[in-house]
Amino acid sequence: MGDRARTPTLTALLCLGAAPKPSIWADPGPMVSRGSPMTIWCQGSLQADVYHLYKDRVSKPLDTEAPQNSSKKAGFSIESMSTHTAGVYQCAYHSRRKGWSERSDPLLLVVTGVYPAPSLSAHPSHVVTSGGNVSLSCSSEVTGDTFYLLKEGGAGPPRQMQSRTFRGRWQAVFSVGPMNASHGGTYRCYYNSSSYPHTWSYPSNPLHLEVTGVYREPSLSAQPGSLVFSGDNLTLQCRSGAGFDRFALTKDEGLTSPQHLHGQHSPYFPLGHVSHTHGGQYRCYSGHNLSHAWSAPSDPLDILIVGMYEKPSISAQPGPSVSWGEKVILQCRSEISLDRFHLSKEGSPAAPQLLRLQDAAAPFQASFTIGPVTSNHEGNYTCYSSDSTFPYLLSLPSDTLELLVSAPSPQDYTVENLIRMGGAALILVVLGILLFQARDSPGRLEDAARR
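Since the model is a prediction, treat every value here as computed from it, not as a measurement.

S.K.: Would you take a moment to explain the state of the cysteines for this structure?
M.R.: All told, the structure shown has four disulfides when counted by the stated rule. Between the sulfur of C42 and that of C91 lies a disulfide, 1.9 Å long from S to S. Taking the sign of the S-S torsion, about 75° here, the bridge from C42 to C91 comes out right-handed. Of this pair, C42 sits in strand β3 (residues 38-43) while C91 sits in strand β7 (residues 87-95), placing them 49 residues apart in sequence. Residue C42 shares its accessibility class with C91, and that shared class is buried. Here C332 pairs with C383 through a disulfide, and the sulfurs are 2.1 Å apart. Between C332 and C383 the sulfur-sulfur dihedral comes to about 80°; the bridge is accordingly right-handed.

Here is the structure:
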């Protein structure tokens, strides 16, 4: 009974005197392309006098090396990596005081470049909104039993998945997400055969995964403006907060995510002399250098190319002179079959108003209702026509129509008229009277204010 009780204690004391287990690693790494040199390093205690290298758990050592004088570690060189040198390695060392150590943890050494490269693609896009998900599909025409997904610079082991056949190809689909900034980066995939698990294919094409929505959205503007004649110069500018030094511009992505973000250090995007191909909807993103995390997209900016069709005509109903608080209809009419009409006011930063033709039969025209009018509506108006098939290509501008708003008079403000004009119009009318009185007689307004 007493002897049995002392046995665990004796074993523990013996273990305390055993040589510590060595560490093992590969330089430049555990995945080496076929034909390349590499070194397996083993490091134990400072008392080590000899190291043994073992392969595939065989009891007989594959190689023996003396430790280096300074670090007491030993290097086992492989001049040319091949299918024969791939496998599982361990090492152990001997010291005169404590004898042989236990073997190190296993080191899996993989040779790549033995089979043709697979292809790697992202669905629905390489660019994913923060919080969203993406599927990375690795496929090959050559039989592959297991596929592996690696992220460049990733600390964890490769993700692996058994293959399935789809349309005559072997493939595996890896789900990534919900996305955050850490998921951005460069991915590659490989495959192997179950008969030779340490022999892998060439790497796939690199896939750059970008994450948007990490930062607040920038703003996008056009210089000299979003309405530009074919042949004129145009520059788009992406404005963001301080500290951002990388910018990307996308075109015509609509409701889908862009397929790629090509970053540059300047927030200016010169488009040069524009043509019909430059028409479209643009957005921009901001980010930081050497990062795959981006802002949310800016609001869309429509670039409209002018001069593609004959000019329409513009008219005002009942006329170009309108009383304060009344409504006016600006009618844009095209002599050719076009179904979209745009109204622009000179000097206004707002995008042109857009109306679509409801009836495909002639006349081809649209009516823009403006009002109740104030002095802010005064100005020069032009209109354009376009085809819904090519929505960003506009006609030549119509002739300019000058809209004049006459000063309000007291007799215009009967109870019936004020009710018809509505509360908002009433406020505008009162402000209008004060402004006109101030313009005609500044002293009178000051006296009223004192009273």
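This is not the end of the story, as more comes after the structure.
S.K.: Explanation requested: the side chain of S344 in the structure shown.
M.R.: Position of S344 relative to the elements: it lies in strand β31 (residues 340-345). Once you skip the residues sitting within four places of it in the chain, S344 turns out to touch L227, P352, N380, Y381, T382 and Y384.

S.K.: What exactly am I supposed to notice about the sheet that holds strand β10 (residues 119-123) here?
M.R.: The strands making up a sheet are joined through hydrogen bonds of the backbone, oriented either antiparallel or parallel. Pairing is antiparallel across the open sheet formed by four strands, whose spatial order is β10-β12-β16-β15. The sheet is open, and its two edges are formed by β10 and β15 (164-166), each paired on a single side. The sheet shows a mean angle of 40° between the axes of neighbouring strands, direction not considered. As paired strands, β10 and strand β12 (residues 134-140) are joined by five bridges and run antiparallel to one another. Residue pairing in the sheet places S121 in a bridge with S137 of β12.

S.K.: It is not clear to me how the environment of S321 should be interpreted in this structure. Could you clarify?
M.R.: Its location among the elements puts S321 in strand β29 (residues 321-323). Given the relative accessible area of 56%, S321 is considered exposed. Placed 57 residues apart in sequence, S321 and E378 show a C-alpha to C-alpha distance of 9.4 Å.

S.K.: Before we go on, may I ask you to explain unusual backbone geometry in this structure?
M.R.: Among all residues except glycine, the phi angle is most often negative; among peptide bonds, the trans geometry is most common. A cis amide bond, omega -5°, links G177 with the succeeding residue P178. Mapped onto the elements, P178 comes out in the loop between β16 (169-176) and β17 (185-193). The peptide bond linking G371 to P372 adopts the cis configuration, its omega dihedral lying at 0°. As for its placement among the helices and strands, P372 is situated in the loop between β33 (364-370) and β34 (379-387). Backbone geometry places D56, a non-glycine residue, at a positive phi of 55°. Mapped onto the elements of the fold, D56 is located in the loop between β4 (48-55) and β5 (63-65).

S.K.: So what exactly am I meant to see when it comes to the pattern of salt bridges here?
M.R.: As a working rule, side chains carrying opposite charge can pair if their charged atoms are close by. The full count for this structure, using the stated rule, is six salt bridges. In this structure, K21 engages D105 in a salt bridge whose closest nitrogen and oxygen atoms are separated by 2.8 Å. Of the two residues, K21 is situated in the loop between α1 (2-16) and β1 (23-27) and D105 in the loop between β8 (99-100) and β9 (107-115); the sequence distance between them amounts to 84 residues. On the accessibility criterion, K21 (40% relative accessible area) is partly exposed. Take D105: its relative accessible area is 46%, and that puts it in the partly exposed class. The salt bridge involving D56 is made with K55; its shortest N-O contact spans 2.8 Å.

Definitions and limits used
- Residues numbered from 1 in each chain as written.
- Predicted model: local features only at pLDDT ≥ 70, side-chain atom pairs only at ≥ 80, totals over all residues.
- Heavy atoms only, no water.
- Disulfide = S-S within 2.5 Å.
- Helix = DSSP H or I, 4+ residues; strand = E, 2+ residues; numbered from the N terminus.
- Buried < 20%, exposed > 50% of the residue type's maximum accessible area, 1.4 Å probe, protein only.
- Contact = heavy atoms within 4.5 Å.
- Pairing = 2+ DSSP bridges.
- Axes fitted to C-alpha atoms, helices over the stretch in contact; angles between N-to-C directions.
- Salt bridge = Lys/Arg side-chain N within 4 Å of Asp/Glu carboxyl O.

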